[in-house]
Amino acid sequence: MRRIFSGIKPTGLLHLGNYLGAIKQWVELQNKVDESIFCVVDLHAITALRPENLSENILKIAAWYLACGIDLEKSKIFVQSMRPEHAELTWILNCFSTMGELNRMTQYKEKSEGKKDSVSVGLFDYPILMAADILLYSATDVPVGEDQKQHVELARDLAIRFNNIYAKSGSGSRDIFTIPEPIIDAGVRRIKALDNPLKKMEKSSASALNYIALDDSPDEIRKKIQRAVTDSSDEIVAREDKPAMTNLLNIFSGVSGRDIKSLELDYRGKNYGEFKKDLAEEIILFLKPKQKKFKEIFADKEKLRQILTDGSESVAPIAKEMLGKVKKAIGLGI
Ligand code: AMP
Ligand code: TRP
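The structure contained in this document is the topic of the report that follows.

Conventions adopted
- Along every chain, residues carry numbers that run from 1 in the direction the sequence is written.
- Following the order in which they are written, the chains are lettered starting with A and the ligands numbered starting with 1.
- Whole-chain, interface and lining totals are the exception, using all residues; otherwise, since this is a predicted model, local features are given only for residues with pLDDT of at least 70 and side-chain atom pairs are given and counted only at 80 or more.
- To get the side-chain values, all heavy atoms of the structure are used, and hydrogens and water are removed first.
- A cutoff of 4 Å decides nearness: a residue is near a molecule or strand if any of its heavy atoms lies inside that distance of it.
- Think of a polar contact as two N or O atoms within 3.5 Å of one another; within protein, one of them needs to be a possible hydrogen donor and the other a possible acceptor, and neighboring residues in sequence only count if both atoms come from side chains.
- For the area figures, the Shrake-Rupley method with a 1.4 Å probe applies, and any residue is considered shielded solely by the protein chains shown.
- Helix numbers and strand numbers start at the N terminus; a helix is a DSSP run of H or I with at least 4 residues, a strand a run of E with at least 2.
- Under the grouping applied here, Gly and all other residues not named as nonpolar or charged are polar, the nonpolar ones being Ala, Val, Leu, Ile, Met, Phe, Trp, Tyr, Cys and Pro and the charged ones Asp, Glu, Lys and Arg.
- Side-chain rings of Phe, Tyr and Trp (the six-membered ring for Trp) are treated as a pair once their centres are within 6.5 Å; stacked means planes under 30 degrees apart, edge-to-face means over 60, and tilted covers the remaining angles.
- Working definition: with a 1.4 Å probe on protein chains only, accessible area under 20% of the residue-type maximum means buried, over 50% means exposed, and in between means partly exposed.
- As a reminder, the over-ring test applies to NZ of lysine and CZ of arginine, requiring each to be within 6 Å of the ring centre and within 35 degrees of the ring normal.

**A few points about the site of ligand 1**
(1) Moving on: What surrounds ligand 1 is a group of 17 residues, the closest being Lys9, Gly145, Asp147, Ile191 and Lys203.
(2) Moving on: Between ligand 1 and Asn18, the relevant distance is 2.9 Å, taken from an oxygen atom to a side-chain nitrogen or oxygen of the residue.
(3) Moving on: Between an oxygen atom of ligand 1 and a main-chain N or O atom of Gly145, the distance comes to 2.8 Å.
(4) Moving on: Across the complex, the protein chains shield 95% of the 480 Å² of accessible surface that ligand 1 would expose by itself.
(5) Moving on: With four residues, the top contributor of residues to the shell around ligand 1 is helix α1 (residues 16-29).
(6) Moving on: Of the residues belonging to the shell around ligand 1, the class tally is five nonpolar, six polar and six charged.

**Observations concerning the packing of aromatic side chains**
(1) Moving on: A complete count under the given rule lists 16 aromatic pairs for this structure.
(2) Moving on: Ring geometry for Tyr267 against Phe275: centres 5.2 Å apart, planes inclined by 90°, an arrangement best described as edge-to-face. Neither Tyr267 nor Phe275 differs from the other in exposure class; each is buried.
(3) Moving on: Clustering of aromatic rings is evident, with ring pairs tying together Phe96, Phe162, Tyr166 and Phe177.
(4) Moving on: In this arrangement the basic side chain of Lys290 is found over the ring face of Phe286, its NZ or CZ atom lying 4.0 Å from the centre.

Structure below.
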C-alpha cells in the first residue's frame, strides 16, 4: 500500500518553486498511489514568523491545491492544527531525538544564522513536527523539494529508531512506523530566486522580484522576468557556471513541459531579451487557467471550509490509531 503525505506552510503566497518543486509532483502521483493526503501545515507557519491573515492564507493554500489539480476523488486535504495528534506525536518524538541531530539541520542553520539564541524553540523543533506529520499517516512517499530531503531523512531515522526499540523482532509484533521515502523530482530540484540565482525562490523574501507568485498578473510576470538576473555572456545554456540561465531554463522547461536540451537548441544564437520575452509569455499561459480556477474556488469560502473539515474528519481515524499504538508501545497512560 502506497500512501503519499506532503504539505506547504501558509506563510504567504505560493510561487513557481512551490508548484514545480512540490505540487506538480503531487498532482501526478495522486493517480499512481493508493492514497494521498495533502496538508496545509499551519503549525509550521508560526515557527519563524507571525504571519498576517493566517486563517485566510490557510484557505488560499487549500484553494491553490485544488486549482492546481489536487482531486478530492483521489486525495484528502486538511489543516494540520485541526488534528491535535500532530502536536502530541511531536512531543513524544522530541523525546527520541537529540539536540545534535537537530543542530545539523541545514534549514535550521540557515534560518538561525546570525540570530543565535533569539530564534524560537519551534524553529529548532520544526523537523520533529514534520516527522510527526509523516509518521502519523504511515506515509510511504513524501514528495518535496530538494530542500526538505534532510527533514524526511530525519523522519526515517526516527521511525527506524522507534521501531528498533519497540517492535520486538521475532516475537511476532510488527513495526509501528512505516519508513518514508522522500520523492524529489530529478528534473526540477530547486528553483532559484530570480534576483539571486544562488538562493532558492522563497515566499518570505523581502523583495517581490525574488519570485513569481502563482497569482501574479501578466504585467507583473513580464516585469519580473525582464528584471531577472542573468549571467555574464549572452549564451542560453544550462551549465554550472551559468546559474541564472540554468534556473530560467529550468523554469521554462517546468512550465512548458519541453526539455532543456531542446530549449537550448531553439535559443542558440538568440539573445537574452528574446528568451525572456518568450519565457514570460509561457509562464502567463501556464498560470492563466490555474488562476481562473483559484478565483472560482476561493470565492466560496464556506465550501472550502467544509472540504477541509471533511478532510480532517476523514484522516482522523488514521492519526488516532497511530498515536494510540505509539502510546501503548511506550506505556503512556493506563
Ligand atoms: P514551503 O514554501 O517552504 O512551505 O515549501 C513547500 C514545498 O515547496 C516543499 O516541498 C518545498 O521543498 C517546495 N519548495 C519551496 N521552495 C522551493 C523552491 N524554490 N524550489 C523547489 N521547491 C521548493
Ligand atoms: N517543512 C515543509 C516545507 O517547508 C512542509 C512540511 C511540513 C511537510 N510537514 C510536512 C512536507 C510533511 C512534507 C511532509 O516545505
